[in-house]
Amino acid sequence: MTTRLNAFAIAPEGIKKMAELEEVLKASGLEYSLYELVKMRASQINGCAFCLHMHSKDARAAGETEERLYLLNAWRESTFYTPRERAALAWTEALTQVAQTGAPDADYEGLKPHFSEAEIVNLTLLIGLINSWNRLAVGLRSQHPKTWSAKAAA
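In this report, we go over the structure that sits alongside the text.

What counts, and where the lines are drawn
Residues numbered from 1 in each chain as written. Predicted model: local features only at pLDDT ≥ 70, side-chain atom pairs only at ≥ 80, totals over all residues. Heavy atoms only, no water. Helix = DSSP H or I, 4+ residues; strand = E, 2+ residues; numbered from the N terminus. Contact = heavy atoms within 4.5 Å. Areas by Shrake-Rupley, 256 points an atom, 1.4 Å probe, with all protein chains shown as cover. Lys, Arg positive; Asp, Glu negative; His and termini not counted. Charge placed at Lys NZ, Arg CZ, Asp CG, Glu CD. Core = buried A, V, L, I, M, F, W, Y, C linked by side-chain atoms within 4.5 Å. Buried < 20%, exposed > 50% of the residue type's maximum accessible area, 1.4 Å probe, protein only. Patch = residues over 30% accessible without salt bridge, like charges linked within 9 Å, V, L, I, M, F, W, Y side chains within 5 Å. Salt bridge = Lys/Arg side-chain N within 4 Å of Asp/Glu carboxyl O. Expected span 1.5 Å × (residues − 1). Phe/Tyr/Trp six-rings, centres within 6.5 Å; stacked < 30°, edge-to-face > 60°. Polar contact = N/O pair within 3.5 Å; in protein donor to acceptor, adjacent residues only side chain to side chain.

Here we look at the overall build of the chain
And then number 1: Each helix and strand in the chain was counted, giving 10 helices and 0 strands.
And then number 2: What you see in the chain, going N to C, is helices and strands ordered as α-α-α-α-α-α-α-α-α-α.
And then number 3: Counted over contacts in the chain with a minimum sequence separation of 6, partners at least 24 positions apart contribute 66%.
And then number 4: As displayed, the chain offers around 8700 Å² of accessible surface, 59% of which is attributable to carbon and sulfur atoms.
And then number 5: Averaging the coordinates of the 17 positive side-chain charges in the chain and doing the same for the 18 negative ones gives two points 9 Å apart.

Right under this line is the structure:
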């Protein structure tokens, strides 16, 4: 696969604004572990290798466990996630697949016991932002760094 365009070089002002929103959301009070799980789950759904590579590394560096990262795709069947994380992951899936789900009331209502109104807005912004990053990376064929090779594995 070949990179189509380098959005960072071609449209730096737009990318800069997305990065600024990223910093606002990092400082919003959502715990960093939740922040990275949401990004990972949306990126799994969207098939974004670039973002999965980045956010799995970031999550591990912040102390996330391998087990939780491996099981994220099956979070509904795992006991490794808190009720707050489960509510956020359900909302992430609903909004990432909004054309199919319509953002169900049940998923929205599931947030209320675990998140303040401000946190719901920030979580929703985070989900929208990672979906935008995924669309840039997938659409423009951004390549993650090559840190593994079949030759090295042989």
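Some points on the nonpolar core
And then number 1: In terms of nonpolar packing, the biggest core is built from 27 residues, with Val-38, Trp-91, Leu-111, Phe-115, Leu-123 and Trp-133 touching the most fellow members.
And then number 2: Contributions of two or more residues to this core are made by α2 (12-26), α3 (32-46), α6 (83-96) and α9 (117-139).
And then number 3: A total of 8 residues in this core trace back to one element, the largest contributor, which is α9.
And then number 4: Leu-69, Leu-72, Trp-75 and Leu-89 belong to the second-largest nonpolar core, a separate cluster that totals 9 residues.

Re a nonpolar patch on the surface
And then number 1: Among the surface-exposed residues, Tyr-70, Leu-71 and Phe-80 lie close enough to one another that they form a single nonpolar patch of about 310 Å² accessible area.
And then number 2: For Tyr-70, the location among the structural elements is in helix α5 (residues 66-71).
And then number 3: By relative accessible area, which is 61% here, Tyr-70 ends up exposed.

Considering the pattern of salt bridges
And then number 1: Scanning the model with the defined rule gives 11 salt bridges in all.
And then number 2: Arg-84 is the salt-bridge partner of Glu-31, the closest N and O atoms lying 2.8 Å from each other. In this pair, Glu-31 sits in the loop between α2 and α3 while Arg-84 sits in helix α6, placing the two residues 53 residues apart along the sequence.
And then number 3: For Glu-31, a relative accessible area of 30% gives the class partly exposed.

Here we look at α6
And then number 1: Look at α6: 20 Å from first C-alpha to last across 14 residues, which is about the 20 Å you get at 1.5 Å a residue.
And then number 2: Counted residue by residue, α6 has 12 buried out of 14 residues, so it is predominantly covered.
And then number 3: Arg-84, Glu-85, Ala-87, Ala-88, Leu-89, Ala-90, Trp-91, Thr-92, Glu-93, Ala-94, Leu-95 and Thr-96 are the residues of α6 that are buried.
And then number 4: Packed against the buried residues of α6 are α3, α5, α7 (98-101), α8 (105-111) and α9.

Quick look at the packing of aromatic side chains
And then number 1: As enumerated under the stated definition, the model contains 3 aromatic pairs in all.
And then number 2: Taking 6.2 Å as the distance between ring centres and 5 degrees as the angle between the ring planes, the aromatic pair formed by Phe-8 and Trp-133 counts as stacked. Here Phe-8 is found in helix α1 (residues 7-10), whereas its partner Trp-133 is found in helix α9, with 125 residues between them in sequence.
And then number 3: With relative accessibility at 49%, the residue Phe-8 sits in the partly exposed group.
And then number 4: Centroid distance Tyr-32 to Tyr-35: 5.7 Å. Interplanar angle 20 degrees. Geometry classified as stacked. Note that Tyr-32 and Tyr-35 are positioned in helix α3 at a spacing of 3 residues, about one turn of the helix.

A few points about the side chain of Glu-85
And then number 1: Mapped onto the elements of the fold, Glu-85 is located in helix α6.
And then number 2: Within the structure, Glu-85 has its side chain in polar contact with the side chain of Arg-68 (distance 2.8 Å).
And then number 3: Look past the residues within four positions of Glu-85 in its chain and what remains in contact with it is Ser-33, Leu-34, Leu-37, Arg-68 and Phe-80.

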